[in-house]
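Listed below are the residues making up each chain.
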Amino acid sequence: MIGRPFDTAVEDLLRELTPQVLGIVVRRFRDFAAAEDAVQESLLAAAMQWPREGLPDNPRAWLTQVAFRRMADHIRSESARRGREHETAVEAARTSESMAIDTGPQDDDTLVLLFMCCHPALTPASAIALTLRAVGGLTTAEIAHAFLVPEATMAQRISRAKQSIKNSGIPFQLPTTQERAQRLSAALHVLYLIFNEGYTTSAGPNLRRDDLSHEAIRLTRIVHQLQPGDTEVAGLLALMLLTDARRLARTNAGGELIPLPQQDRALWDQQQIAEGVALISATLPKGSVGPYQLQAAIAAIHDEAARAEDTDWPQILALYDLLRRMSENPIVALNHAVAAAMVQGPMKGLELLDALQADARLADHHRLDAVRAHLLELTGNREGAARHYRAAASKTGSLPERNYLLTQAARLSNEPQVTDEQG
């Protein structure tokens, strides 16, 4: 019998290969919606067969061939319905012959898929949502969480985006330098959200999904090679490297969350920190400072502090002041409140949180309650802090975050510490 480690390895491999195979199929057939359905069927077939029969010699080619066959079946069905049997035969023959073709460089297809989904024919929100689904492999629920909108709203947005792609006749090819510049902002935002979901998953038993964060870093490196002079691309890559450098210190051996001040900084990846610091140090003096560069600068300050108490919070607060003027993102405002509390005291932070209370985007987000709980604890209000820790725990789908928040509430309430084992 195949053991669970093999099943997990298959799942990880399928997640990694999905955007590569989708890129190949879309390039061949130029029908995004149908290609996505075909790839999903090939993934299902692999999930059923590989654990039982073992991995094929070339998993990507195996998935691609199955998806090609599904597309051929789809074309036959559509052509029959429209009375175009001749076209079906021609296309089916061409597809059959293409089974053995070289599937092409995976980096190129994934990157092309990224820029294709960020086509200006789509609204920015739809482009980002579709790319998170196609390139990042995120579920609709995970994307909705990133956008702070209901899942049903996001499902409709993704469906409309697929239809727009189909109706537009967008060619599947790497855009020109000018076209890349037009689509770059949306592409960077997609990569940023993919990285964030990998660094702290919105739901599930694990705090991280390293496959997502590493794929986001890989693709951002490629974009940086294509756009070496773009300061925000460099800023985003630096931000990812500086943040991901802490990943091994964020959980203990049991997978329990360890907050930043309590992490063993000897576990931080010093090579990534050095690369990220060098990148942002070379980028900031070039002018035209944007949000990713500011966030990277903040991450660098955290990473360069030998101890939590050595963190230069006044400088972080100044950077968040600048960032807040550039962005209407409520999470930025929330982080600004934390920085203000560290510099000006917890009452100042709570005052800033009160101004965010009416923001509907944060109404169901656990971080607002979690930050309030932390600041109330700093003021000595243990009862209020425990209440908000519990409220935060009820709003997160991440099991490690939920367990951590419940543990904090129990500690302040002198209750037995409760660990929720349910995923």
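Basis of the calculations
- Residues numbered from 1 in each chain as written.
- Predicted model: local features only at pLDDT ≥ 70, side-chain atom pairs only at ≥ 80, totals over all residues.
- Heavy atoms only, no water.
- Helix = DSSP H or I, 4+ residues; strand = E, 2+ residues; numbered from the N terminus.
- Buried < 20%, exposed > 50% of the residue type's maximum accessible area, 1.4 Å probe, protein only.
- Contact = heavy atoms within 4.5 Å.
- Areas by Shrake-Rupley, 256 points an atom, 1.4 Å probe, with all protein chains shown as cover.
- Core = buried A, V, L, I, M, F, W, Y, C linked by side-chain atoms within 4.5 Å.
- Axes fitted to C-alpha atoms, helices over the stretch in contact; angles between N-to-C directions.
- Parallel < 35°, antiparallel > 145°, perpendicular 65-115°, else oblique.
- Left-handed = near helix turned anticlockwise from the far one by under 90°.
- Nonpolar A, V, L, I, M, F, W, Y, C, P; charged D, E, K, R; others polar.
- Phe/Tyr/Trp six-rings, centres within 6.5 Å; stacked < 30°, edge-to-face > 60°.

> Can you help me understand the overall build of the protein chain in this one?
Each helix and strand counted, the protein chain has 19 helices and 2 strands in total. Taking all 423 residues of the protein chain together, the buried fraction comes to 51%. Excluding contacts between residues fewer than 6 apart, the proportion of contacts in the protein chain whose partners are at least 24 apart in sequence is 63%. Here the protein chain has roughly 19,900 Å² of accessible surface; of this, 52% comes from carbon and sulfur atoms.

> Looking at this structure, how should I read the side chain of Glu36?
Tracing the backbone shows Glu36 in helix α2 (residues 32-53). Excluding residues within four positions of it along the chain, Glu36 makes contact with Leu22, Arg133 and Lys162.

> Help me understand the nonpolar core, please; the structure alone is not making it clear to me.
In globular proteins that are soluble, nonpolar side chains generally tend to be buried together. Among the nonpolar cores identified, the biggest contains 82 residues, and Val25, Phe32 and Leu132 are the most heavily contacted of them. By residue number, the principal contributor to this core is helix α9 (residues 177-199), which donates 11 residues. Ala297, Leu353, Leu356 and Tyr389 belong to the second-largest nonpolar core, a separate cluster that totals 36 residues.

> I tried to follow the environment of Asp369 on my own but got confused; where do I start?
Of note, Asp369 is situated in helix α17 (residues 366-379). The class for Asp369 is buried, based on a relative accessible area of 10%. For the pair formed by Asp369 and Lys395, sequence separation is 26 residues and the distance between their alpha carbons is 9.1 Å. Setting aside residues up to four positions removed in sequence, Asp369 forms contacts with His388, Ala391, Ala392 and Lys395.

> Explanation requested: the packing of helix α11 (residues 231-244) against helix α13 (residues 291-304) in the structure shown.
When two helices pack together, their arrangement is given by the angle between their axes and by how far apart the axes lie. Where α11 contacts α13, the two axes come as close as 8 Å, and the packing angle between them is 30°. Classified by the angle between their axes, α11 and α13 sit roughly parallel to one another. Crossing of α11 against α13: the hand is left-handed. In contact with Thr231, Glu232, Gly235, Leu236, Ala238, Leu239, Leu242 and Thr243 of α11, α13 contributes Pro291, Tyr292, Gln293, Gln295, Ala296, Ala299, Ala300 and Asp303. Across the contact of α11 with α13, the residue classes tally to 9 nonpolar, 5 polar and 2 charged.

> Would you explain the packing of helix α14 (residues 313-326) against helix α15 (residues 330-344) in this entry?
Between α14 and α15, the least distance of the axes is 9 Å, while the angle of their chain directions is 150°. Taken together, the axes of α14 and α15 lie roughly antiparallel to each other. As α14 packs across α15, the resulting crossing turns out to be left-handed. Contact with α14, carried on its side by Trp313, Pro314, Ile316, Leu317, Tyr320, Asp321, Leu323 and Arg324, involves Val332, Asn335, His336, Ala339, Ala340, Met342, Val343 and Gln344 of α15 and no other residues of that element. Grouping the constituent residues of the contact of α14 with α15 by class yields 11 nonpolar, 3 polar and 2 charged.

> Teacher, can you tell me more about the packing of aromatic side chains here?
Given two aromatic rings, their pairing is described by the distance between the two centres and the angle made by the two planes. A full pass over the atoms with the stated rule returns 4 aromatic pairs. Measuring from centroid to centroid gives 5.3 Å for Trp50 and Trp62, while their planes differ by 70°, and the two rings are edge-to-face. Pair noted here: Trp50 is in helix α2 and Trp62 is in helix α3 (residues 59-81), with a separation of 12 residues, a long-range link. Look at Trp50 and you get buried, because its relative accessible area is 1%. The exposure class assigned to Trp62 is partly exposed, which follows from its relative accessible area of 21%.

By themselves these figures say nothing about function.
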